[in-house]
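Inside the fold
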Amino acid sequence: MKNSFLMRNPSTLIFLAALAVFTIVVTALSEAFGLGLISTSFVKTLGKTLCLGLVAIAMDLVWGYAGILSLGHFAFFGLGGYMIGMWLMYERTRDIVISSMSDAPIPPTAEEITDAIGHQIFGVVGSSEFPLIWAFADSLVLQLVLVVLVPGALAFVFGWLAFRSRVAGVYLSILTQAMTLALSLYLFQNDSGLRGNNGLSGLQNLPGLEAAPQSVVSIWFLWASALALGLGYLLAAWIVSGKFGSVIRGIRDDEARVRFLGYSVESYKLALFTVTACIAGIAGALYYPQAGIINPAEIAPIASIYLAVWVAIGGRGRLYGAVIGAGFVSLVSSWFTGGQAPDISLGFYTIKWVDWWLIVLGLSFVFVTLFAPKGIAGLFDLAAHRRWPNRHGADLGPDAGALREREANE
Amino acid sequence: MNTLLEVSGVSVTFDGFRAINNLSFRIGPAEMRAIIGPNGAGKTTFMDIVTGKTKPDQGRILWGEKSISLRGMSEARIAREGVGRKFQKPTVFEDQTVHENLLMALRNKRGPFAVLFYKPAAKDLVRVEALAEEIGLHDALWRKSGELSHGQKQWLEIGMLLAQEPRLLLVDEPAAGMTPAEREHTTNILTEAAKTRAVVVVEHDMEFVRRLNCKVTVLHEGAVLAEGSLDHVTANQDVIDVYLGR
């Protein structure tokens, strides 16, 4: 059955193969397991990019397929990061506290250790008490469950309220943006329990695995990210390939018609919104240990807008388009903003890419929306076109109102 | 008489304008009915009310043998109860193939999880083929429905309606933009459907209504002006004044 699914969706097979090749090549060129041509920090960048690809798939499902322009999926991504970050920070601080206390003449009690951890973690925001939300921070399993559960629950409650009231279109986008903004403003507060604007840091160190150098850890995370992206892609491809995909594309194109067919549009939107929030949470949980730090600025609305830009530039309504868009734009973006791009001197003015990159990105977003709505993924169509018979632009349908050849191949 | 749908004393007001005024209407389980009336008579609003798109201010809408009320049900719920609707403008999912369109409309479980794990059974595929045959789109099954001609889209929509297996079909101007041969075919499909279910056709074209050969309800200013055979209502002086006389 799995074979036939892959056979029916050759693009999935090609994508998974390309992902596998990419992972193997990066591993072979890494410092830890190979020739050492790729620096550890760049391996981390690539691993993070894979996570961005995964959240882009979630965005594409919800926007490209179901037509819900959510500007809140990076909030779910960030929440996933916070959930895993709590465990990483707690455990690592505990190791440090225990080793520093081991010299004391009297062995510390469990309570003293907890107090010391609290003091270490929350001292920066003038507190030493563990807030309630840290109750499970000492359990990896529970925090991993929360990685999926917290974004999923937030998306479910938000979606239930919004979709049930039939909020749609631009109003829904504004509402999701408001949710994102509210969440990030809340997290900026020192008493939010997540260290305010300091965020959680030191996440790149895996507790209990201090012996493993970062070059090795970075490759582990690359593998985990690639695996998650592959599985996420398979799940998404499976969701959109069947009748569920038909229904959500129907919702995108004509919501009322789907309702009159007897499908409860709201339940479909809610289910998809929640599932994609969970996917975004998983992507975030893999991203932030590679980034090493998470703070509320990561959740700011601009991040979710970037996500929409990536998917639009990559190609909406196509899973590989979303991944390509996220990878391409975020890598180019970090090249330009990282100061690696050479400045262009015009004599009277020097173009500094750090300042100008956002304008280039904005212009290319406008350009893609206006002139190439299929995005980068549309280029694959151009390549594939040559294999189809050339009908010299004649109508496919029996009358002039029918789709032209070019449109029909979409 | 056995009644499938009974609408009684329904009124609806849009910004002070009374679109439907104390309207009453009933139809049996296997009956064809044509609704005619001038523009603004409330024909489309009537369909909107029955399908749940518009909520009436007052009145009763009773459905089926158990006379359950359709008021307050969502559109999707009403559609699942067995009310199918065809719009004036052909609305099919243009981005998807004829096969996908029909499969989506096919009577099956409608919940997200049932649909997610749905695999088309052999009988579903046979049914889709048969429907495509019936609406003359068998050769176009794997084409995107956006490529179809206007008339073919109309048929596809009728096919999707039949696939839903509704007990009541509401059809808004099915013959609009069709060639005479296509009208003939449409008439046949509708008459065939009316043998096993209730069919309500809203139509402007008198010639088409005559061919349907059924009871006619004339709407005017949101209320029923006359009801009976086409010859009966066209002889009615009120009807001549408001509609035919123009």
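The rules behind the values
Residues numbered from 1 in each chain as written. Chains lettered and ligands numbered in written order. Predicted model: local features only at pLDDT ≥ 70, side-chain atom pairs only at ≥ 80, totals over all residues. UniProt positions renumbered as here; feature names shortened; annotations may be inferred. Helix = DSSP H or I, 4+ residues; strand = E, 2+ residues; numbered from the N terminus. Rg over C-alpha atoms; globule rule 2.2 N^0.38 Å. Buried ≥ 20, exposed ≤ 12 C-beta atoms within 10 Å, placed from the backbone. Contact = placed C-beta atoms within 7 Å. Axes fitted to C-alpha atoms, helices over the stretch in contact; angles between N-to-C directions. Parallel < 35°, antiparallel > 145°, perpendicular 65-115°, else oblique. Nonpolar A, V, L, I, M, F, W, Y, C, P; charged D, E, K, R; others polar. Pairing = 2+ DSSP bridges. Core = buried A, V, L, I, M, F, W, Y, C linked by C-beta atoms within 7 Å.

Chain B carries the name L-cystine import ATP-binding protein TcyN in an unreviewed UniProt entry, which gives Roseovarius gaetbuli as its organism.

Looking at an unreviewed UniProt entry, one finds chain A named Leucine/isoleucine/valine transporter permease subunit, with Roseovarius gaetbuli as its source organism. Quoted straight from UniProt, the Subcellular location (unreviewed entry) entry for chain A says "Cell membrane".

On to the overall build of chain B. Each helix and strand in chain B was counted, giving 10 helices and 10 strands. Relative to the globule expectation of 18 Å for 246 residues, the C-alpha radius of gyration of chain B, 18 Å, shows essentially globular dimensions. The 246 residues of chain B split such that 45% are buried. Sequence separation of 24 or more characterises 68% of the internal contacts of chain B that already satisfy a separation of 6 or more.

Right, let's talk about unusual backbone geometry for a bit. Residues and elements named next belong to chain B. At Asn-213, a residue that is not glycine, the phi angle is positive and equals roughly 55°. Along the chain, Asn-213 falls in the loop between α8 (206–212) and β9 (215–220). Residue Asn-213 is classed as exposed on the basis of its 12 C-beta neighbours within 10 Å. Of note in the backbone geometry, Glu-221 takes a positive phi value of approximately 50° without being a glycine.

What follows deals with the packing of helix α3 (residues 40–65) of chain A against helix α12 (residues 301–314) of chain A. Residue and element names in this part refer to chain A. At a closest axis distance of 10 Å, the pairing of α3 and α12 adopts a crossing angle of 75°. Accordingly, the angle class assigned to the pair α3 and α12 is roughly perpendicular. Residue-level inspection shows Val-55, Ala-56, Met-59, Asp-60, Trp-63 and Gly-64 of α3 in contact with α12, the latter providing Leu-307, Ala-308, Trp-310, Val-311 and Gly-314. Grouping the amino acids of the contact of α3 with α12 by side-chain chemistry returns 8 nonpolar, 2 polar and 1 charged.

Turning to the sheet that holds strand β10 (residues 223–228) of chain B, a few remarks are in order. Working definition: the strands of a sheet are paired by backbone hydrogen bonds and lie parallel or antiparallel to each other. Residue and element names in this part refer to chain B. The sheet built from 6 strands is open, its strands ordered β6-β7-β8-β3-β9-β10 with mixed pairing. If you trace the sheet from one side to the other, it starts and ends with β6 (83–86) and β10, each paired once. The average angle at which neighbouring strand axes cross in this sheet is 20°, direction not considered. Helix α7 (residues 180–193) rests against β3 (32–36), β7 (168–172) and β8 (198–202) of the sheet, and its axis sits at about 145° to β8.

Membership of the largest hydrophobic core comes to 177 residues, with the highest contact counts inside it found for A:Val55, A:Ala56, A:Ile57, A:Met59, A:Ala283 and B:Leu102. Counting residues per element, this core draws most heavily on helix α11 (residues 265–291) of chain A, at 17 residues. In this structure A:Ile57 touches A:Gly232, A:Tyr233, A:Ala236, A:Ile279, A:Leu319, A:Ala322 and A:Val323, once residues within four positions along its chain are discounted.

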